[in-house]
Amino acid sequence: MNDVDAMNCTALLLVDLQNDFLPGGALAVDRGDEVIPIANQLQPYFHLVVATQDFHPADHNSFASQHKGQCVGDVIEMNGHPQVLWPDHCVQNEVGSALASDLNQASIAQVFPKGTDKRIDSYSGFFDNGGLHSTGLGDYLLSKQVTDVFIVGLATDYCVRATALDSRRLGFRTWLIEDGCRGVDLKPGDCKAAIQEMEDAGVRTISSRQWLDDK
Ligand code: VGL
Ligand code: ZN
């Protein structure tokens, strides 16, 4: 038994399960496709399913292509924050930004786009990287009386990490479904460090099996 009881309201948060983060995509996460069947299997066992969507304008400042002389993987300063430069990805209304075609989308109550302002990136599904602009996800979850946020998605060391930390900060009991996430590991060990940081912040880790075995 885990300690989520019937009094709690559980939300499954699908982070950036989009074509560009899957093998063959512009910012492919190694074995990112393996989390899609896990996300599908989990969905029926939550009160609410919501998703985030990385959704950039074509000239987003996080793209290396927008910075003369800079390469993918370089880190620059953007609005006073360190910013990794990425390949062009998840461009609005292109196939790369669409939710993964194998993802069951029928039960997704709402999709929250992020990274829509070209001037600043947004790893978290709740706020931009400056912590200023809200996507509305937090208020939405509160309006649904959600107490427990369970996270699966891509990528462990970027958007999953930032989303889980903000979820904790906003006071939700927050769970990382570890086998439901894959990461980038630009530097080897980044994912491991991200998981440690989330745990230190009070995020609890669980496997999809542990959750499903209880049902
Ligand atoms: C992400 C890098 C850039 C992510 C999004 O979803 O983790 N990573 N944009
Ligand atoms: Zn992005």
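Data block above holds the structure.
Structure report, in brief. (Residues numbered from 1 in each chain as written. Chains lettered and ligands numbered in written order. Predicted model: local features only at pLDDT ≥ 70, side-chain atom pairs only at ≥ 80, totals over all residues.)

A look at the overall build of the protein chain
Here comes step 1: In terms of helices and strands, the protein chain carries 5 helices and 8 strands.
Here comes step 2: Sequence-ordered secondary structure for the protein chain, helices as α and strands as β, is β-α-β-β-β-β-α-β-α-β-α-β-α.
Here comes step 3: Relative to the compact-globule value of 17 Å for 215 residues, the protein chain shows a C-alpha radius of gyration of 16 Å, a close match.
Here comes step 4: Seen through its C-alpha atoms, the protein chain measures out along the principal axes to roughly 55 × 30 × 30 Å.
Here comes step 5: In the protein chain, buried positions account for 43% of the 215 residues.
Here comes step 6: Restricting the contact set of the protein chain to residue pairs at least 6 apart, pairs at least 24 apart contribute 72%. (Helix = DSSP H or I, 4+ residues; strand = E, 2+ residues; numbered from the N terminus. Rg over C-alpha atoms; globule rule 2.2 N^0.38 Å. Buried ≥ 20, exposed ≤ 12 C-beta atoms within 10 Å, placed from the backbone. Contact = placed C-beta atoms within 7 Å.)

Regarding the sheet that holds strand 6 (residues 148-154)
Here comes step 1: In space, the 6 strands of this open sheet follow the order 5-2-1-6-7-8, with parallel pairing throughout. With one partner strand each, in any of the chains shown, strand 5 (110-114) and strand 8 (204-206) form the two edges of the open sheet. On average, each strand axis in the sheet is tilted by 25° relative to the strand beside it, whichever way the strands run.
Here comes step 2: Of the strands in this sheet, strand 1 (10-15), strand 2 (48-54), strand 6 and strand 7 (173-182) touch helix 3 (residues 156-169), which is tilted by about 170° from strand 6. (Pairing = 2+ DSSP bridges. Axes fitted to C-alpha atoms, helices over the stretch in contact; angles between N-to-C directions.)

Regarding helix 1 (residues 35-42)
Here comes step 1: Considered for burial, the residues of helix 1 that qualify are Val35, Ile36, Ala39 and Leu42. For helix 1, the buried positions fall inside an angular range of 130° around the axis, keeping them on one side.
Here comes step 2: Next to the buried residues of helix 1 lie strand 1, strand 6, strand 7 and helix 5 (208-213). (Arc of directions from axis to C-beta.)

Describing the nonpolar core
Here comes step 1: Residues Leu13, Leu14, Ile151, Val152, Leu154 and Leu176 are the most contacted members of the largest nonpolar core, which totals 51 residues.
Here comes step 2: Those elements giving two or more residues to this core turn out to be strand 1, helix 1, strand 2, helix 2 (137-143), strand 6, helix 3, strand 7 and helix 4 (190-200). (Core = buried A, V, L, I, M, F, W, Y, C linked by C-beta atoms within 7 Å.)

Points about the packing of helix 3 against helix 4
Here comes step 1: The contact between helix 3 and helix 4 brings their axes to 10 Å, and the two run at 5°. Classified by the interaxial angle, the pair formed by helix 3 and helix 4 is roughly parallel. Across the interface between the two elements, Thr156, Asp157, Arg161, Ala164 and Leu165 from helix 3 touch Asp190, Cys191, Ala194, Ile195, Glu197 and Met198 from helix 4.
Here comes step 2: Considering only residue class, the contact of helix 3 with helix 4 consists of 6 nonpolar, 1 polar and 4 charged. (Parallel < 35°, antiparallel > 145°, perpendicular 65-115°, else oblique. Nonpolar A, V, L, I, M, F, W, Y, C, P; charged D, E, K, R; others polar.)

Re the pairing of strand 1
Regular strands have side chains that alternate between both faces of the sheet.
Here comes step 1: Within strand 1, 5 of the 6 residues are buried, leaving the element largely enclosed by the surrounding structure.
Here comes step 2: Of the pairings in the sheet, the one linking strand 1 to strand 6 comprises 6 bridges and is parallel in character. Its bridge partner lying in strand 6, leucine 14 is registered against valine 152.
Here comes step 3: When strand 1 meets strand 2, the two strands line up parallel, connected through 5 bridges. Note that in strand 2 the partner of valine 15 across the bridge is threonine 52.
Here comes step 4: Regarding the hand of the β-α-β motif, the stretch spanning strand 1, helix 1 and strand 2 is right-handed. (Right-handed = clockwise from strand over helix to strand, strands pointing away.)

Section: unusual backbone geometry
Here comes step 1: Following leucine 154, the chain continues to alanine 155 via a peptide bond in cis, the omega torsion being -10°.
Here comes step 2: You will see that aspartate 16, though not glycine, has its phi angle at about 55°, which is positive.
Here comes step 3: Among the structural elements, aspartate 16 can be located in the loop between strand 1 and helix 1.
Here comes step 4: In this structure aspartate 16 comes out as buried when scored by C-beta crowding, with 29 C-beta atoms within 10 Å.
Here comes step 5: Of note, the phi angle at asparagine 79 is positive, near 50°, even though the residue is not glycine.
Here comes step 6: In this structure, asparagine 79 sits in the loop between strand 3 (75-78) and strand 4 (81-84).
Here comes step 7: Asparagine 79 sits in the partly exposed class, given 13 other C-beta atoms within 10 Å.

The analysis is restricted to geometry; functional conclusions fall outside its scope.
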